[in-house]
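Topology and contacts: notes
Each chain, written out:
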Amino acid sequence: MGGYIANFAVYTMAMIGLIFFALMTYKKFFCGNGFGRKSEFLDIEESISLAPRKNLYVIRAGNERFLVASDSDRTNLISKLDEEIKPKRVDANYEELPVIVDFPKRSDQPIIKEMLKKINEI
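Just so we're clear, the structure is a prediction, and the values are computed from it rather than from any experiment.

Regarding the overall build of the protein chain
- A tally of regular secondary structure across the protein chain gives two helices and five strands.
- When the elements of the protein chain are put in sequence order from the N terminus, they spell out α-β-β-β-β-β-α.
- Every one of the 122 residues in the protein chain was classed for burial, and the buried ones make up 9%.
- Contacts in the protein chain between residues at least 24 apart in sequence constitute 6% of all its contacts with a sequence separation of at least 6.

Let's talk about the pairing of strand β2 (residues 54-61)
- Relative to β2, strand β1 (residues 42-51) is paired through eight bridges, and the arrangement is antiparallel. Bridge pairing links S47 to Y57 in β2.
- From the end of β1 to the start of β2, which pair antiparallel, there are two residues, and R53 there has a positive phi angle of about 65°.
- Both β2 and strand β3 (residues 64-70) contribute to a ladder of seven bridges, which runs antiparallel. Residue pairing for β3: R60 is matched across the bridge by R65.
- Counted between consecutive antiparallel strands, the loop separating β2 from β3 contains two residues, among which G62 sits at a positive phi close to 70°.

Notes on a nonpolar patch on the surface
- Among the surface-exposed residues, F20, L23, M24, Y26, F29 and F30 lie close enough to one another that they form a single nonpolar patch of about 730 Å² accessible area.
- One can find L23 in helix α1 (residues 2-30).
- Using a relative accessible area of 43% as the deciding quantity, one classes L23 as partly exposed.

Quick notes on unusual backbone geometry
- In this structure, R53 takes a positive phi of about 65° despite not being glycine.
- Its place among the elements puts R53 in the loop between β1 and β2.

A closer look at the pattern of salt bridges
- Going through the model one piece at a time under the given rule, you end up with four salt bridges.
- One salt bridge connects R60 with E45, and the closest N-O pair in it is separated by 4.0 Å. Residue R60 is located in strand β2, and its partner E45 is located in strand β1; the two are separated by 15 residues in the primary sequence.
- Put simply, E45 and R65 hold a salt bridge, and the shortest N to O gap is 3.3 Å. Separated by 20 residues along the polypeptide, E45 in strand β1 and R65 in strand β3 bring together distant segments of the chain.
- The exposure class assigned to E45 is partly exposed, which follows from its relative accessible area of 29%.
- Judged by relative accessible area, which is 8%, R65 ranks as buried.
- Put simply, D43, E45, R60 and R65 are held in one network by salt bridges that share partners.

Calculation notes
Residues numbered from 1 in each chain as written. Predicted model: local features only at pLDDT ≥ 70, side-chain atom pairs only at ≥ 80, totals over all residues. Heavy atoms only, no water. Helix = DSSP H or I, 4+ residues; strand = E, 2+ residues; numbered from the N terminus. Buried < 20%, exposed > 50% of the residue type's maximum accessible area, 1.4 Å probe, protein only. Contact = heavy atoms within 4.5 Å. Pairing = 2+ DSSP bridges. Patch = residues over 30% accessible without salt bridge, like charges linked within 9 Å, V, L, I, M, F, W, Y side chains within 5 Å. Areas by Shrake-Rupley, 256 points an atom, 1.4 Å probe, with all protein chains shown as cover. Salt bridge = Lys/Arg side-chain N within 4 Å of Asp/Glu carboxyl O.

Here's what the structure looks like:
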């Protein structure tokens, strides 16, 4: 009886090892490097955690770079960064940081002025 249990345990472990080896081989050859292939077009250049589950990213898409904020509910594009890429230096100062290019902003001034007029009329 003990021989049957030993044989069952040996064959079960061998089958589990064979299945594991087949799975790792499949991932390596058919899924790229590891769990997926690295994109050559998109790349996260820098990231910083601002708070729990709130991050700020510098993302490169082709030749353009973007500043993106992300939290648990949504992801927002903050701005497009300038095209000039300076090499990283440890002793860089404030003046050498990348310049943020502002997107055109809509004018909310007429709405605010109208609201102030209505408030003053009351």
